[in-house]
Amino acid sequence: MKSKILLKMAAVAVVFSTGFTSCSDDDDNDTKIVTGTQAALDQACADWKVARANWENTEAFLFGAADVYSIDPHTDTWPVAANDLADVLRDEKAMSNLDNFIKTANSGILGYHGLEYVLFRQGQPRQISQITNLEYQYICAVAKDLYNATATLEAAWDSKESNAERHQIAVNYVATHNAINDDGDVEGSLGSFQNFGKAFKNPGTGDWATALDATLEIISGCQDIIGEVGDSKIGLPYTGEDATYIESPYAYNSITDFYDNIVSCKNALYGQMGATTPTQQSLIYFCQNAGNTTLAAQANTVMTKLDTALAKIKAMKSPFALYYSDASCKVAIDALGELDDALGALSETLAGYAGNKTVEAQCQVINENYVDNVVLATYRTLADNAQKLYQSIVKINKKNNNE
């Protein structure tokens, strides 16, 4: 779960060269307005929303690389430490060496929400006349860093290590980044690169002792984000416990974030990115056809509760940043609680198959499909669109826009 950022400056990241166009030159360190077009800024905002949706579609599998390499807190910590970020964006000394600054910046001013803070206001792209050169330099550096992080996620789940460029980015990223917690505190080094896709497919070689253990992790990953959306993302503002705990408040993207989080669960359970029905190699299909009437009924209940939760989130009064206390929020929270309960029951029944060789064999099929057609497919799309986002942010400055 994301947490509020304390005002600390912990070493959290390193930016690597990706061969992209540089965003700045020696004349850029001032507070003058960037020379750019509104169309280019609008495109960057549109690309932010695409890359944002891709990220939210990964949140059912934040175990593995996103957790072990601290990529989740590094790229998606919120709420933004807005006062710190506003100060940084006016501080020429702090911005004089951005690559070095990104290495030591608190995660609360980085990632998706650091970009969001600069790009959006009240759900709309900012006016190009409001974007300073310092802000431009900053979002270029943050966007490049974001691409490196997403490329690392892709490489860490690619069991065949098929993209040599992104694999090298990942090796470098893991070798030079620090482990951090959600408050931005450094907790040591990340160690060496490991391939989670291989480990998930090959029980006993990594974090999962058996194929069934790995399959149960699919459910657990879904429950983690379902609980976070219901209890924290919606629940903390709705109950008044923390009215500032609002995700994506500048882009007014909160409800879309919540919805895409639950879509990530649907993809994980249905066995394919963008799936509308369970594929034959999916967890839900197996549960429906395993010859256990209880398991089949529980799988069908999960499907019903999943669709209900998505519908109730979509029906929430928008934007959440303004209507977080609306009664529709409670309806969505309740629907998410029922989905969590349904998955818990399914997991308990499935766990009863421990030691069953037939089930282990079927779980192996589920897990291999899950790695390739859910996790890797989503991370690859994420990295591709994070790269596009970086390129579109570079083009906000007219001198880098070749159109």
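For clarity, every value in this text was computed on a predicted model and none was experimentally measured. (Residues numbered from 1 in each chain as written. Predicted model: local features only at pLDDT ≥ 70, side-chain atom pairs only at ≥ 80, totals over all residues. Heavy atoms only, no water.)

A tally of helices and strands in the protein yields 16 helices and four strands. A buried classification covers 57% of the 403 residues belonging to the protein. Sequence-distant contacts in the protein: of pairs separated by 6 or more residues, those separated by 24 or more amount to 80%. About 15500 Å² of surface is accessible on the protein, with carbon and sulfur atoms providing 46% of the total. (Helix = DSSP H or I, 4+ residues; strand = E, 2+ residues; numbered from the N terminus. Buried < 20%, exposed > 50% of the residue type's maximum accessible area, 1.4 Å probe, protein only. Contact = heavy atoms within 4.5 Å. Areas by Shrake-Rupley, 256 points an atom, 1.4 Å probe, with all protein chains shown as cover.)

What follows covers the packing of helix α10 (residues 211–239) against helix α11 (residues 254–270). Viewed as axis vectors pointing N to C, α10 and α11 meet at an angle of 165°, and their least axial separation amounts to 9 Å. Overall, the two elements α10 and α11 adopt an arrangement that is roughly antiparallel. You can see that α10 and α11 cross each other, and the crossing is left-handed. Of the residues in α11, those in contact with I218, C222, I225, I226, V229, K233 and I234 of α10 are F258, N261, I262, S264, C265, A268 and L269. Classifying every residue of the contact of α10 with α11 by side-chain character gives 11 nonpolar, two polar and one charged. (Axes fitted to C-alpha atoms, helices over the stretch in contact; angles between N-to-C directions. Parallel < 35°, antiparallel > 145°, perpendicular 65-115°, else oblique. Left-handed = near helix turned anticlockwise from the far one by under 90°. Nonpolar A, V, L, I, M, F, W, Y, C, P; charged D, E, K, R; others polar.)

In the segment running from W78 into P79, the intervening peptide bond is cis, with an omega of -5°. The residue P79 is located in the loop between α3 (71–76) and α4 (82–88) in this model. The phi angle at S248 is positive, at roughly 50°, despite the residue not being glycine. Tracing the sequence through the fold places S248 in the loop between α10 and α11. Assessed through its relative accessible area of 0%, S248 is described here as buried. A positive phi is found at Y252, a non-glycine position, where the angle reads about 55°. Looking at where Y252 falls in the secondary structure, it is placed in the loop between α10 and α11.

Turning our attention to the nonpolar core. Ranked by internal contacts, the top residues of the largest apolar core, which has 123 residues, are L115, L119, Y138, W157, I234, I393 and I396. The element best represented in this core is helix α7 (residues 133–157), accounting for 14 residues. With near-sequence residues (within four places) excluded, L119 lies in contact with L41, A44, C45, W48, Q124, P125, R126, I139, I393 and I396. (Core = buried A, V, L, I, M, F, W, Y, C linked by side-chain atoms within 4.5 Å.)

The terminal C-alpha atoms of α11, which comprises 17 residues, lie 24 Å apart, in line with the 24 Å expected from a rise of 1.5 Å per residue. Summarising burial for α11: 15 of the 17 residues are buried, a large majority. G271 sits one or two residues past α11 and shows a positive phi near 85°. (Expected span 1.5 Å × (residues − 1).)

Scanning the model with the defined rule gives 16 aromatic pairs in all. An angle of 85° between the planes, with centres 6.3 Å apart, marks the rings of F61 and Y370 as edge-to-face. A residue pair is termed long-range when its members are at least 10 positions apart, and F61 in the loop between α1 (38–56) and α2 (65–68) and Y370 in helix α16 (residues 357–394) qualify at 309 residues. Pairwise contacts between aromatic rings join F61, F63, Y69, W157, F196, F200, W208, Y370 and Y379 into one cluster. In this structure, R52 is placed above the aromatic ring of Y112, and the distance from its NZ or CZ to the ring centre is 5.2 Å. (Phe/Tyr/Trp six-rings, centres within 6.5 Å; stacked < 30°, edge-to-face > 60°. Lys NZ or Arg CZ within 6 Å of the ring centre and 35° of its normal.)

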